[in-house]
Amino acid sequence: MKTKISHWACAAVVACLPLLSWAQAWPSKQPIKLVAVFPPGGSVDQVARILSGPLSQQLGQSVVVENKGGASGVIGTASVLSAPADGYTFAVVFDTHGVNQSLMASMPYDSKKDLVPLVLVGTSAMMLSTHASTEYKTFADVVAAAKAKKNVSFGTIGNGSLGHLAMALLAKNGGMEFNHVPFKGGGPLMNDAIAGHIPLTMSTVFLNKPHIDSKRLRPLAVTSAKRVADFPDVPTIAEAGFAGFEAPAWWAVLASAKTPPEIVKRMNEELNKALANPDVSKRLVAQGIEISGGSVEKAKTFIDGQIDTWAKVVRENGIKAD
């Protein structure tokens, strides 16, 4: 009997050797691809490029960025899932990943089941701001006008965007009415905001900051759990009367759920190492991103929570994609 057990044990070890050898050899076969699921120039593209250099040095393998925009990140993410799950193709996603599943009529993948988060890169506050000439001096002024149903309009980067959903959640929680004006991206939104064509905007702090610094826009509130360091006098929506309110923008790196666990673990370690790099940290903070990092489990808990939160908002408000 002991002889049989010994044979079985040896057979099990031998069977595992190819997998162990392959995992230890990774990455050596080809360049690693980070698919930025939005076009060049945006925050997702910047995050991917900031991470690619340090990852390349750490792994001893070329790490390239490929932009595949479209459908709020769905096209790029789907391309990662159509590639072999061998640790050479990953997705860099934005907070739209937490909305797409509930917003779109059909999806080529399941956001929770088909993908594994490798790391939560970081988060950023959204900001409600107004043109300097408007009557809205404080967030309380906006709340009062919206409760009085004074046709309060706000702009965002698009229908179903995080800014749109955050304002829908705020309206529902506070018994308010807003008129949503969707734009096709941050550039057009900010152009109309600083020209005074739209009284309120809900967008990232990064988009707002230059125009607040130039005094063309006035910050009213932020959607983060705590105040933003660059704007210590601007209250959070939570502390301005809506306890528990939080709607952060976020960025993450994902892989196919079929990726070998050894590679998932290694990439998580390498991404955390890259995020701890002082140059990486400096460049991400300059983008308005508060670095998160941490375990695969931490990232999954956060992202699954975002998917569940915004699915409820989409459902309760009947929001549809354009």
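Residues numbered from 1 in each chain as written. Predicted model: local features only at pLDDT ≥ 70, side-chain atom pairs only at ≥ 80, totals over all residues. Heavy atoms only, no water.

1. As for the sheet that holds strand β10 (residues 249-256)
Heads up, the rule is: At least two bridges found by DSSP between two strands is the condition for calling them paired. Secondary structure counts use DSSP, requiring at least four H or I residues in a row for a helix and at least two E residues in a row for a strand, with both numbered from the N terminus.
Overall, mixed pairing links the 6 strands, which are arranged β2-β1-β3-β10-β4-β11 in an open sheet. Of all strands in the sheet, those bounded by a partner on one side alone are β2 (63-67) and β11 (290-291).

2. Some details on the pairing of strand β1 (residues 32-36)
To keep it simple, the criterion reads: Burial classification: accessible surface area is computed with a 1.4 Å probe over protein chains only, and a residue below 20% of its type maximum counts as buried, one above 50% as exposed, and the rest as partly exposed. Here is how to tell: hold the view so the strands point away, follow the path from the first strand over the helix to the second, and if it runs clockwise the crossover is right-handed.
Judged by how many residues are buried, β1 sits mostly within the fold: 4 of 5 residues are covered. Pairing between β1 and β2: 5 bridges, direction parallel. Residue V35 lies in a different strand from β2, and its bridge partner there is E66. Between the parallel elements β1 and β2, the chain passes through helix α2 (residues 43-59) in a crossover that is right-handed.

3. Description of unusual backbone geometry
Across the junction of W26 and P27, the peptide omega takes the value -5 degrees, indicating a cis bond. Within the fold, P27 resides in the loop between α1 (2-25) and β1. Residue K149 is not a glycine yet carries a positive backbone phi of 55 degrees. As for its position among the elements, K149 is in the loop between α5 (139-147) and β6 (152-156). For K215, which is not glycine, the phi torsion reads 70 degrees and is therefore positive. With respect to the helices and strands, the residue K215 is situated in the loop between α8 (205-213) and β9 (217-222).

4. Section: the packing of aromatic side chains
For clarity, the threshold we go by: Aromatic pairs are defined between Phe, Tyr and Trp rings, using the six-membered ring for Trp, whenever the two ring centres lie within 6.5 Å; interplanar angles under 30 degrees are classed as stacked, those over 60 as edge-to-face, and all others as tilted.
Taken as a whole, this structure holds 6 aromatic pairs when the rule is applied. Judged by centre distance (5.2 Å) and plane angle (45 degrees), the ring pair of F94 and W251 falls under tilted. Here F94, found in strand β3 (residues 89-94), pairs with W251, found in strand β10; they are 157 residues apart in sequence, far enough to count as distant. A relative accessible area of 11% means that F94 is categorised as buried.

5. Points about the sheet that holds β9
Put simply, the rule reads: Comment: axis = line fitted to C-alpha atoms, over the contacting stretch for helices; angle = value between 0 and 180 degrees taken between N-to-C directions. Residue contacts are defined here by distance: any two heavy atoms, one from each residue, within 4.5 Å place the two residues in contact.
Spatially, β7-β6-β8-β5-β9 is the arrangement adopted by the 5 strands of the open sheet, whose pairing is mixed. Whereas interior strands pair on both sides, the edge strands pair on one side only; in this sheet they are β7 (178-182) and β9. Within this sheet the neighbouring strands show an average axis-to-axis angle of 30 degrees, counted without direction. By the bridge criterion, 2 bridges tie β6 to strand β8 (residues 200-204) in an arrangement that is parallel. Counterpart to G155 in the pairing with β8 is T201. Packed on one face of the sheet, helix α6 (residues 162-174) meets β5 (126-131), β6, β7 and β8 and runs near 150 degrees to β6.

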